[in-house]
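Topology and contacts: notes
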Amino acid sequence: MSDLDKTVNWNVLDISSWQSNTVDFEQIKKDGFKAVIIRANDANTTMAKDPCFEMNYSMAKKAGLHIGAYWYLRGTTIDFVLKESEKFAEYCAGKSFDMPLYVDIEQSDIFALGKGFCTNACKTFLTNLQDKHKMFVGIYCSTWYIENYIDESVRNNFATWIADYRTYCQYKGQYGMWQKGTIRTKGVNRGNSDVDFDICYVDYPSAIIARGMNGCKATELDTTAIYKSGDKDWGIYSIKEVMCMLYDHKLMKTKVDPNYITYTQDLIDGTNELLGIWGYKKNGIIGANFMRKLFAYLRNEVK
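Residues numbered from 1 in each chain as written. Predicted model: local features only at pLDDT ≥ 70, side-chain atom pairs only at ≥ 80, totals over all residues. Heavy atoms only, no water.

1. Here we look at the nonpolar core
Ile 105 and Ile 139 are the most contacted members of the largest nonpolar core, which has 53 residues in total. With seven residues, the single largest contributor to this core is helix H5 (residues 115-133). Setting aside chain neighbours within four positions, we find Ile 139 in contact with Tyr 102, Val 103, Ile 105, Cys 122, Leu 126, Ile 146, Ile 150, Val 154, Arg 155, Ala 159, Thr 160 and Trp 161. Membership of the second largest hydrophobic core comes to 23 residues, among which are Ile 239, Val 242, Leu 267 and Leu 298. (Core = buried A, V, L, I, M, F, W, Y, C linked by side-chain atoms within 4.5 Å. Buried < 20%, exposed > 50% of the residue type's maximum accessible area, 1.4 Å probe, protein only. Helix = DSSP H or I, 4+ residues; strand = E, 2+ residues; numbered from the N terminus. Contact = heavy atoms within 4.5 Å.)

2. So, the pairing of strand E8 (residues 195-202)
Most of E8 sits out of view: six of its eight residues are buried. Of the strand pairs in this sheet, strand E7 (residues 177-183) and E8 are connected by six bridges, and their pairing is antiparallel. Residue pairing for E8: Thr 182 is matched across the bridge by Asp 196. (Pairing = 2+ DSSP bridges.)

3. A word on the pattern of salt bridges
Any two side chains of opposite charge can pair, so long as their charged atoms come close to each other. For the structure shown, the criterion picks out nine salt bridges. Linking Asp 50 and Arg 39 is a salt bridge whose minimum nitrogen-to-oxygen distance equals 3.0 Å. Separated by 11 residues along the polypeptide, Asp 50 in the loop between strand E2 (33-39) and helix H2 (53-63) and Arg 39 in strand E2 bring together distant segments of the chain. With respect to class, Asp 50 is no different from Arg 39; both count as buried. Two residues, Glu 86 and Lys 132, come together in a salt bridge whose shortest N-O distance is 3.3 Å. Here Glu 86, found in helix H3 (residues 78-92), pairs with Lys 132, found in helix H5; they are 46 residues apart in sequence, far enough to count as distant. According to the relative accessible area criterion, Lys 132 is exposed, its value standing at 57%. (Salt bridge = Lys/Arg side-chain N within 4 Å of Asp/Glu carboxyl O.)

4. Side note on helix H10 (residues 265-278)
Spanning 14 residues, H10 covers 20 Å between terminal C-alpha atoms, matching the ideal 20 Å at 1.5 Å per step. Summarising burial for H10: 12 of the 14 residues are buried, a large majority. Buried residues in H10 make contact with helix H8 (204-211), helix H9 (234-248) and helix H11 (288-301). (Expected span 1.5 Å × (residues − 1).)

5. Looking at the environment of Gln 27
For Gln 27, the location among the structural elements is in helix H1 (residues 25-30). With 76 residues separating them in the primary sequence, Gln 27 and Val 103 have C-alpha atoms 28 Å apart. Those residues in contact with Gln 27 that lie beyond four places of it in its chain are Lys 186 and Gly 187.

6. Regarding the packing of H9 against H11
Interhelical geometry of H9 versus H11 gives an angle of 35° and a closest axis separation of 10 Å. Here the hand of the crossing between H9 and H11 comes out left-handed. Taking contact as the criterion, the partners of Ile 239, Val 242, Met 243, Met 245 and Leu 246 in H9 are, on H11, Phe 290, Met 291, Leu 294, Phe 295, Tyr 297 and Leu 298. Here the contact of H9 with H11 is composed, by residue class, of 11 nonpolar, no polar and no charged. (Axes fitted to C-alpha atoms, helices over the stretch in contact; angles between N-to-C directions. Left-handed = near helix turned anticlockwise from the far one by under 90°. Nonpolar A, V, L, I, M, F, W, Y, C, P; charged D, E, K, R; others polar.)

7. Brief notes about the environment of Ile 37
On the secondary structure map, Ile 37 appears in strand E2. Ile 37 sits 245 residues away from Lys 282 along the chain, and the two C-alpha atoms are 28 Å apart.

Listed below in structure tokens is the structure:
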């Protein structure tokens, strides 16, 4: 299992200046929402920052919510799209987002330029953020438009957030988050107005933190080694047996050979895979905290 295969079922809100200063992020968390995706730019003035972006970010961070952001795309030339991408990176600089950073493509004048342009625009915008700025990125779009205006070669290579207000999401490709409609919650205008409601199915924070992307620092589980490459001990055999059980239950993809009591390359690979799944820096080291987490993971996941 890769760090993007682990499923969750989180309620998420996307927030912008449409909600003005009516958002109570502490209440949002109490209402059971795990994350917010906040708009970075003012959709009416292209490059200007959303007036509530800084406030929304700081208050969501203070409330302990997972946070992503999105940019409402306006460019009708690739050169301008690239400038928008750079401005998004500028607005996100110095912040940490443990949810993806999305390009929101929904303008009719952009779709009017055809599938080739829309595909190239998304690819340019997102590749620039990913390769130059080390950002974990994705596409927000409605089902019909993403299927007809953005080529699979692009949409399948990034996180996908689908807007589909029907009773179930009818997008045929893979997606990590579904905007299913609107909702009223005490955390937004005391429940007196609608706000976009989403469900997230992918544990993006673990993947983003493990990769050290979006301004997040990859964390280490521990720094004191109990076992490392080349060590020999019967305890290593026990660890390999546990990893074999996880492999058998499809909870990890690395197949470890339990027939040797030496810390071999396959155990390094298995250790790093689990560290990635848990959202920690991959250092190949098994320490005391790793051991505790390993057996807790086995206990919780293998029924």
